There are 2 protein chains.
Amino acid sequence: MKVAKFGGSSMATATQLQKVGNIIQDDPARKIIVVSAPGKRTPDDVKITDLLIQLGEAYINGESYEQSYEKVIDRFREITEDLSLDIALLEDIEQTIKSVISQDASSIYKLDALKSIGEDSSAKILSAYLCSIGLDASYINPKDAGIIVSNDPGNAQILDGSFARIYNLREKVGILVIPGFFGYTEHGELMTFSRGGSDITGSIVAAGVKATLYENFTDVDSVYAVNPSIVANPKEIKTLTYKEMRELSYAGFSVFHDEALIPAFKEQIPVCIKNTNKPHLPGTNIVAEKKQDEKCVVGIASDTGFSSLYVSKYLMNREIGFGRKLLNILEDEGVSFEHAPSGIDDMSVIIRDSKLTKEKEANITKRIYDELHPDTIIMHRDLAMIMVVGEGLVSTVGVAQKATTALASANVNIEMINQGSSEVSMMFGIKAADLNRSVESLYHVFFD
Amino acid sequence: MKVAKFGGSSMATATQLQKVGNIIQDDPARKIIVVSAPGKRTPDDVKITDLLIQLGEAYINGESYEQSYEKVIDRFREITEDLSLDIALLEDIEQTIKSVISQDASSIYKLDALKSIGEDSSAKILSAYLCSIGLDASYINPKDAGIIVSNDPGNAQILDGSFARIYNLREKVGILVIPGFFGYTEHGELMTFSRGGSDITGSIVAAGVKATLYENFTDVDSVYAVNPSIVANPKEIKTLTYKEMRELSYAGFSVFHDEALIPAFKEQIPVCIKNTNKPHLPGTNIVAEKKQDEKCVVGIASDTGFSSLYVSKYLMNREIGFGRKLLNILEDEGVSFEHAPSGIDDMSVIIRDSKLTKEKEANITKRIYDELHPDTIIMHRDLAMIMVVGEGLVSTVGVAQKATTALASANVNIEMINQGSSEVSMMFGIKAADLNRSVESLYHVFFD
């Protein structure tokens, strides 16, 4: 049994939905389908979820929301009409929106319920369409699917008990279409996951039913070895391990929402990333383990927006607890760190800028001076991190040489190297201004 | 005013003492002389300090100590007779040893007092010899010199108040000869520094009198760019900064006892390492700052005896406080760490084997499992660390490339790289078995 998840671009128009129908029809093992809300039809289009948020926020602020409402209905009308589906379906969607708006609930819950309507309607439309082309399909609400979550609007977490309930979906006959992005609390309250949460639903359902494969249909042919906006037409990655995927997605790979695949990974469900528009292509397989001969550098990820807090103190390494106290101060301020290399008399802590407000920075600096009496504190800004990722990388002679040669030939000064903590990656810190030429040079050394 | 310290090999025989006399005579600025105990005359000889320790331990254990006693006296007799010094000097030394043995003191203090006799006698002999060749020299006891220390036998620490007292030595006339290695508590109890402590005395006195130069006379021509037992006839280092010296001595450079130079560095006293046997050579200068054009790799230090504690946990980087808690456990067990690189889901802590008993390791491992619930804990043993040291190294493009190329060409797998925390060094972790060929290859890349 396979679980297939279709993203927003696959649900955006009737034409796309027909492709989805063909893909489902092509393989009888595709029994459970998870869908996103209709996405953009053109680059400057607005996603239905964003229209629903506009609607919700207008309503909550007592402003006019009719325009957003009309836009949402128009989008669904276009799809249902183009697919020649029963008008009752559109009426049902309209009814759902109206009933959520008029619900007696606090704003935050109401907004969550409104946001979920994109996925919910998408699932209803797809199941109706699949029936219309002669398949035995039915819409399943996440509550009936067993997706029970924490009471945390906009950031719900799956509860452990859900997986056993979801397993029961295996008993159902026909194709099941489940809306992504939301679940229900044990008290029946609707809660959405964090943004991009249809990937989370797909992964949860695949884990729950112990699928033989979790297929994630999107609008790219595969995961690329490097960011295509930095290197044109980069190499496609055929196979990735879970660990490699995690390291790549950490540093700016945007195919996935960082934590979406965790439930599938935990159950060791193989994952395949495919393109709805070119389903004949092999896509990228993400698996628990790789064969020995496939081990090498698979990808280069990069991200900007890092700062480094450098602290030096003469004889620091004699002072038991210095590093711990420094990290303690960050923890007190709720600032997580990415990486904390330390030398004899020096320590650097790499922090994502997004986690470091001006106020937190001031508090942290003051406390370090007051409590640790360092000789120097320097905040280095505008750093970028590059991860060179690949299983077996740490045990291959010459990988560091290749990487540092690439950076030197691009005339890039390496601010930081971290190798040895992770088994599947090597990290380089550079100035953000040097990022593109660094990544290009690394790509050419490892992939040309 | 210069402070000159002469090491054990410079004090080992009459011939060596005559060289010391010539050196002192050569420069009238050499006003304060600090001396070690007589060292080995030949490679298989025994240092006087070791004979004194044997004597003390035999006495404490109620065993016969006469043989060690005779050996000590024989050594001093040889020196004093060869220098034609008054027989009263040898009698004074004998009397000192006897009075310490018969002292009513606890074993640990008695052992400290016995150990100090090597340096004390050395100073008395040198000052008598200097007088015999017509110089105005006098022996100064560390108590009279103002060297006041903590009550910590075998590991005394200088007290801050000492420096102002030592400054008064500037007022004294003639050449002052001070025994190294010990001081006195405020209550007048004799305490030795840690082993190699004559370097500590020299550095303290140089700082106290605010010397224009602290000359450290030893038996090597200079500090070498790499360990001469790994690379034959290595390049001599002309100038080092304090920071460079500290990074080099941390990782196995044995010219100095790690913390000996700290007092001199704190007062920004320039230091010169010279050879008693070839005083015309320039030696190595250690200074606070270097000129821009002298900035490059100055040395490669290496040391074995490291282990790495590797801990991995899925989603570690989401867990605020994980790193801090891990370091806290080490701190509770009194284990200081050298370096703690962290990745997304992994963290490694590098520890010196000498700090990690079997029992501590077991406690640490158990606590990490119980308190942090990691997926994996692995202790990697038999690691060696190599430091490539040089001011300006972090801001020079291509240094990492050169170093990793050297290691790859020696077919060495790099277990760990740490660059960016220290401003003057780059650290590589490798398997101890690969150490010699790694250092050789790095040396040839940076110095040939």
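Since the structure is predicted, the reported quantities are computational estimates derived from the model, not experimental observations. (Residues numbered from 1 in each chain as written. Chains lettered and ligands numbered in written order. Predicted model: local features only at pLDDT ≥ 70, side-chain atom pairs only at ≥ 80, totals over all residues. Heavy atoms only, no water.)

1. Some remarks on the packing of aromatic side chains
- Applying the stated criterion across every chain, the model contains ten aromatic pairs over all chains.
- Aromatic pair A:F182 and A:Y184: ring centres 6.0 Å apart, planes at 70 degrees, arrangement edge-to-face. Comparing A:F182 with A:Y184 shows no difference in burial state: the two are buried.
- In this arrangement the basic side chain of A:K124 is found over the ring face of A:Y139, its NZ or CZ atom lying 5.5 Å from the centre.
- Here B:R246 stacks its cationic end above the ring of A:Y314, 5.5 Å away from the centre of that ring. (Phe/Tyr/Trp six-rings, centres within 6.5 Å; stacked < 30°, edge-to-face > 60°. Buried < 20%, exposed > 50% of the residue type's maximum accessible area, 1.4 Å probe, protein only. Lys NZ or Arg CZ within 6 Å of the ring centre and 35° of its normal.)

2. Overview of the packing of helix α12 (residues 322-332) of chain A against helix α12 (residues 322-332) of chain B
- Running from amino to carboxyl end, α12(A) crosses α12(B) at an angle of 145 degrees, the nearest separation of the two axes being 9 Å. Of the two elements, α12(A) crosses α12(B), and the hand of that crossing is left-handed. Listed contacts from α12(B) to A:G323, A:R324, A:L327, A:N328 and A:E331 of α12(A) are B:G323, B:R324, B:L327, B:N328 and B:E331. (Axes fitted to C-alpha atoms, helices over the stretch in contact; angles between N-to-C directions. Helix = DSSP H or I, 4+ residues; strand = E, 2+ residues; numbered from the N terminus. Left-handed = near helix turned anticlockwise from the far one by under 90°. Contact = heavy atoms within 4.5 Å.)

3. Observations regarding the relation of the copies chain A and chain B
- If you rotate chain A by 179 degrees and push it 0.0 Å along the axis, it lands on chain B with an RMSD of 0.2 Å. Between the two chains, the operation in question is that of a two-fold axis.
- The overlap is high: 100% of the interface residues of chain A also sit at the interface in chain B, so the same surface is used on both sides. (Least-squares fit on C-alpha atoms with pLDDT ≥ 70 in both.)

4. Looking at the interface of chain A and chain B
- Tallying the contact residues gives 59 residues for chain A and 59 residues for chain B.
- Buried surface at the junction of chain A and chain B, both sides included, amounts to about 5100 Å², of which 52% is carbon and sulfur.
- The largest share of the area that chain A buries against chain B comes from A:R246, A:R324 and A:I344, three residues that together contribute 13% of it.
- Across the chain A-chain B interface, the total number found is four salt bridges.
- Among the ionic pairs, B:D345 bridges to A:R246, the shortest N-O distance being 2.5 Å.
- Broken down by secondary-structure element, the contributors of at least two residues to the side of chain A that touches chain B are α10 (242-250), α11 (262-266), α12, β12 (346-352), α14 (399-409) and β14 (416-419) of chain A. (Buried area = accessible area lost by both parts, 1.4 Å probe. Salt bridge = Lys/Arg side-chain N within 4 Å of Asp/Glu carboxyl O.)

5. Some words on helix α4 (residues 87-102) of chain A
All names here are of chain A.
- Along its 16 residues, α4 runs 23 Å from first to last C-alpha, staying within 8% of the 22 Å computed at 1.5 Å per residue.
- Those residues of α4 that sit buried are L89, L90, I93, I97, V100 and I101. What you see down the axis of α4 is that its buried residues fit within an arc of 120 degrees, all on one side. Turned more than 90 degrees from where α4 packs its buried face, I87 and S102 sit exposed.
- Packing partners of the buried residues in α4 comprise α2 (48-60), α3 (66-82), α5 (107-115) and α6 (117-132).
- If you check the start of α4, you find a side-chain oxygen 2.9 Å away from the backbone N of A88, and it comes from D86. (Expected span 1.5 Å × (residues − 1). Arc of directions from axis to C-beta. Polar contact = N/O pair within 3.5 Å; in protein donor to acceptor, adjacent residues only side chain to side chain.)

6. Considerations on the UniProt feature "binding site: substrate" (unreviewed entry) in chain A
Residue and element names in this part refer to chain A.
- The sites that carry the UniProt feature "binding site: substrate" (unreviewed entry) are, in the present numbering, T49 and E119. Spatially, the listed residues are clustered: although they cover 71 residues, their C-alpha atoms lie within 8.3 Å of one another.
- Its place among the elements puts T49 in helix α2.
- Residue classification places T49 among the buried positions, given a relative accessible area of 6%.
- Within the secondary structure, E119 sits in helix α6. (UniProt positions renumbered as here; feature names shortened; annotations may be inferred.)

7. Let's talk about the pairing of strand β15 (residues 425-431) of chain B
Residue and element names in this part refer to chain B.
- Counting buried positions over the seven residues of β15 gives six, a clear majority of the element.
- Sheet topology note: the strand β13 (residues 376-389)/β15 ladder contains seven bridges and is antiparallel. Considered in β15, the bridge of V389 is made with S425.
- Taken together, the four bridges between strand β14 (residues 416-419) and β15 define a ladder with antiparallel strand orientation. By the bridge assignment, Q419 is partnered in β15 with M426.
- The antiparallel pairing of β14 with β15 creates a hairpin that spans five residues between the two strands, and G420 there sits at a positive phi of about 120 degrees. (Pairing = 2+ DSSP bridges.)

8. Topic: the sheet that holds β15(B)
- In spatial order, the strands read β12(A)-β11(A)-β13(A)-β15(A)-β14(A)-β14(B)-β15(B)-β13(B)-β11(B)-β12(B); together these ten strands make up an open sheet with antiparallel pairing. A strand with exactly one partner marks an edge of an open sheet, and here the two such strands are β12 of chain A together with β12 (346-352) of chain B. Direction aside, the axes of adjacent strands within the sheet are offset by 30 degrees on average.
- Each of β11 (299-312) and β12 of chain B is contacted by α12(B), which is oriented at about 25 degrees to β12(B), the strand it contacts most.

9. Things to note about the domain arrangement of chain A
- According to the domain assignment, chain A contains domain 1 (2-219) and domain 2 (299-447).
- When each unit is reduced to the centre of its C-alpha atoms, the spacing between domain 1 of chain A and domain 2 of chain A is 40 Å. (Domains from an automatic or database assignment.)

10. Concerning the packing of α3(A) against α6(A)
Residue and element names in this part refer to chain A.
- Running from amino to carboxyl end, α3 crosses α6 at an angle of 10 degrees, the nearest separation of the two axes being 11 Å. Considering their axes alone, α3 and α6 lie roughly parallel with respect to each other. Within the contact between the two elements, α3 uses F76, I79 and T80 and α6 uses I117, G118, S121, S122 and I125.
- Residues that form the contact of α3 with α6 fall into these classes: four nonpolar, four polar and no charged. (Parallel < 35°, antiparallel > 145°, perpendicular 65-115°, else oblique. Nonpolar A, V, L, I, M, F, W, Y, C, P; charged D, E, K, R; others polar.)

11. So, unusual backbone geometry
Residues and elements named next belong to chain A.
- Phi angles above zero are rare outside glycine, and F181 is one such case at about 85 degrees.
- On the secondary structure map, F181 appears in the loop between β4 (175-179) and β5 (182-184).
- On the basis of relative accessibility, which here comes to 2%, the residue F181 falls in the buried class.

12. Remarks on the environment of B:M11
Residue and element names in this part refer to chain B.
- Counting through the fold element by element, M11 comes out in the loop between β1 (2-6) and α1 (14-26).
- Note on M11: relative accessible area 1%, which makes it buried.
- With 27 residues separating them along the chain, M11 and P38 place their C-alpha atoms 4.6 Å apart.
- Residues contacting M11, with those up to four places away along its chain left out, are F6, Q16, L17, V20, V35, S36, A37, P38, I79, S122 and L126.

13. Overview of the nonpolar core
- Counting 151 residues, the largest nonpolar core has A:V205 and B:V205 as the members making the most contacts within it.
- With residues near it in sequence (within four places) discarded, A:V205 still touches A:V3, A:I32, A:V34, A:I147, A:I166, A:L169 and A:I178. (Core = buried A, V, L, I, M, F, W, Y, C linked by side-chain atoms within 4.5 Å.)

14. Quick word on the UniProt feature "domain: ACT" (unreviewed entry) in chain A
- The sites that UniProt annotates as "domain: ACT" (unreviewed entry) are residues 388-448 of chain A.
- In residues 388-448 of chain A, the share of helix is 39% and the share of strand is 21%. The end C-alpha atoms are 15 Å apart.

15. As for the sheet that holds β4(A)
Residue and element names in this part refer to chain A.
- Read across the sheet, eight strands follow the order β3-β4-β2-β1-β7-β9-β10-β8 without closing on themselves; strand pairing throughout is mixed. Two strands lie at the open edges of the sheet, namely β3 (137-139) and β8 (239-241), each paired on one side alone. Sheet twist, expressed as the mean angle between neighbouring strand axes with direction ignored, is 20 degrees.
- Where strand β2 (residues 30-35) meets β4, four bridges bridge the pair, whose relative direction is parallel. Each bridged residue has a counterpart across the sheet, and for V35 the counterpart in β4 is P179.
- Sitting on the sheet, α10 is in contact with β8 and β10 (284-287), with an inclination near 85 degrees to β8.

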